[in-house]
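# Coordinate inspection notes
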Amino acid sequence: MTIAVLDYSTGEVDIIKDCVNLRTNEEVENYLTGVLQYNLDEIHYMFSQELKVNDLTPMDFGVDDVQASRFGVIADIEEKYRSFKNNVCCEPLYARCYVTFNDEENGTDVVIKLTSDKDEKDGEIFFYCDGLDDLVRLCYEENGEDFELTELVEFFNKI
């Protein structure tokens, strides 16, 4: 059996060959999470005895262009977050982003705070969220807000 995994955090497709004794979705999910340490919320997968793995793209996973673009934004956020933490040695407090409101096409440049703590620069902060996972949630169309995060420009700690 071969398993192909689309990793949202990188946008890459990982191929796991010669997986024996895996026959059901549950067995494959247990293998991916337990043995390979994937987070099921960050991947999409398919498996088959005869899976053709050459040149798999996100479209092969039933992912359309909008979803593929969204996964790219999420991967960019993850990469910039890791880079910030490695370079500055702490977690960022703010993110400068472009968001698109549900009834508009053009993006708006905004500052999002990565904690829900109010501060003296409240007038410059567009939105408060609780950490990186909450920021990533804003990339999805059905995020409970009237806007969608479409690009992360940078992380920073002082306004």
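Reference entry: report on the structure contained in this document. (Residues numbered from 1 in each chain as written. Predicted model: local features only at pLDDT ≥ 70, side-chain atom pairs only at ≥ 80, totals over all residues. Heavy atoms only, no water.)

### Considering the overall build of the protein
Scanning the protein from terminus to terminus reveals three helices and seven strands. For the protein, the α and β elements follow one another from N to C terminus as β-β-α-β-α-β-β-β-α-β. Counting only C-alpha atoms and orienting by the principal axes, one finds that the protein spans roughly 60 × 35 × 25 Å. Classification of the 159 residues of the protein by burial places 38% in the buried group. (Helix = DSSP H or I, 4+ residues; strand = E, 2+ residues; numbered from the N terminus. Buried < 20%, exposed > 50% of the residue type's maximum accessible area, 1.4 Å probe, protein only.)

### So, the packing of aromatic side chains
Applying the stated rule across the entire model yields nine aromatic pairs. Pairing Phe 101 with Phe 126 gives two aromatic rings, centres 5.9 Å apart and planes at 85°, and the pair type is edge-to-face. Of this pair, Phe 101 sits in strand β4 (residues 94–101) while Phe 126 sits in the loop between β5 (108–113) and β6 (127–128), and the two are 25 residues apart along the sequence. Given the relative accessible area of 31%, Phe 126 is considered partly exposed. One aromatic cluster is present, formed by Phe 101, Phe 126, Phe 127 and Phe 147 through successive ring pairs. Directly above the aromatic system of Tyr 128 lies the positively charged group of Lys 118, at a separation of 4.2 Å from the ring centroid. (Phe/Tyr/Trp six-rings, centres within 6.5 Å; stacked < 30°, edge-to-face > 60°. Lys NZ or Arg CZ within 6 Å of the ring centre and 35° of its normal.)

### Some details on the sheet that holds β5
Spatial ordering of the open sheet is given by β6-β5-β4-β7, a layout of four strands whose pairing is mixed. Looking along the sheet, the strands with just one partner apiece sit at the ends: β6 and β7 (147–156). Relative to β6, β5 runs parallel, the two being bridged by two bridges. Bridge pairing links Lys 113 to Tyr 128 in β6. (Pairing = 2+ DSSP bridges.)

### Some thoughts on the state of the cysteines
Working definition: the covalent bond between the sulfur atoms of two cysteines is a disulfide. Summed over the entire model, instances satisfying the criterion amount to zero disulfides. This cysteine, Cys 129, is not joined by any disulfide, and Cys 97 carries the nearest cysteine sulfur, 8.2 Å off. (Disulfide = S-S within 2.5 Å.)

### Concerning the nonpolar core
Residues Ile 77, Cys 97, Ile 112, Leu 135, Leu 149 and Phe 155 are the most contacted members of the largest nonpolar core, which totals 22 residues. Those elements that provide at least two residues to this core are α2 (65–88), β4, β5, α3 (132–137) and β7. With five residues, α2 is the largest single contributor of residues to this core. Ranked by size, the runner-up nonpolar core spans 11 residues in total, among them Met 1, Cys 19, Val 28 and Leu 32. (Core = buried A, V, L, I, M, F, W, Y, C linked by side-chain atoms within 4.5 Å.)

### Quick word on the environment of Asp 117
You can see Asp 117 is positioned in the loop between β5 and β6. Judged by its relative accessible area of 49%, Asp 117 is partly exposed. With 13 residues separating them along the chain, Asp 117 and Asp 130 place their C-alpha atoms 9.1 Å apart.

### A few points about the pairing of strand β2 (residues 12–16)
Looking at chain direction, strand β1 (residues 2–7) and β2 are connected through five bridges and run antiparallel. Considered in β2, the bridge of Ala 4 is made with Ile 15. Hairpin connection of β1 to β2: four residues between the antiparallel strands, including Gly 11 at a positive phi of 75°.

### Description of the pattern of salt bridges
Tallied over the entire structure, the rule returns seven salt bridges. Here Asp 134 makes a salt bridge to Arg 137, at a shortest N to O gap of 2.8 Å. One end of the pair is Asp 134 and the other is Arg 137, both in helix α3 and three residues apart, which spans about a single turn. In this structure, a network of salt bridges that share partners links the residues Arg 96, Asp 109 and Glu 154. (Salt bridge = Lys/Arg side-chain N within 4 Å of Asp/Glu carboxyl O.)

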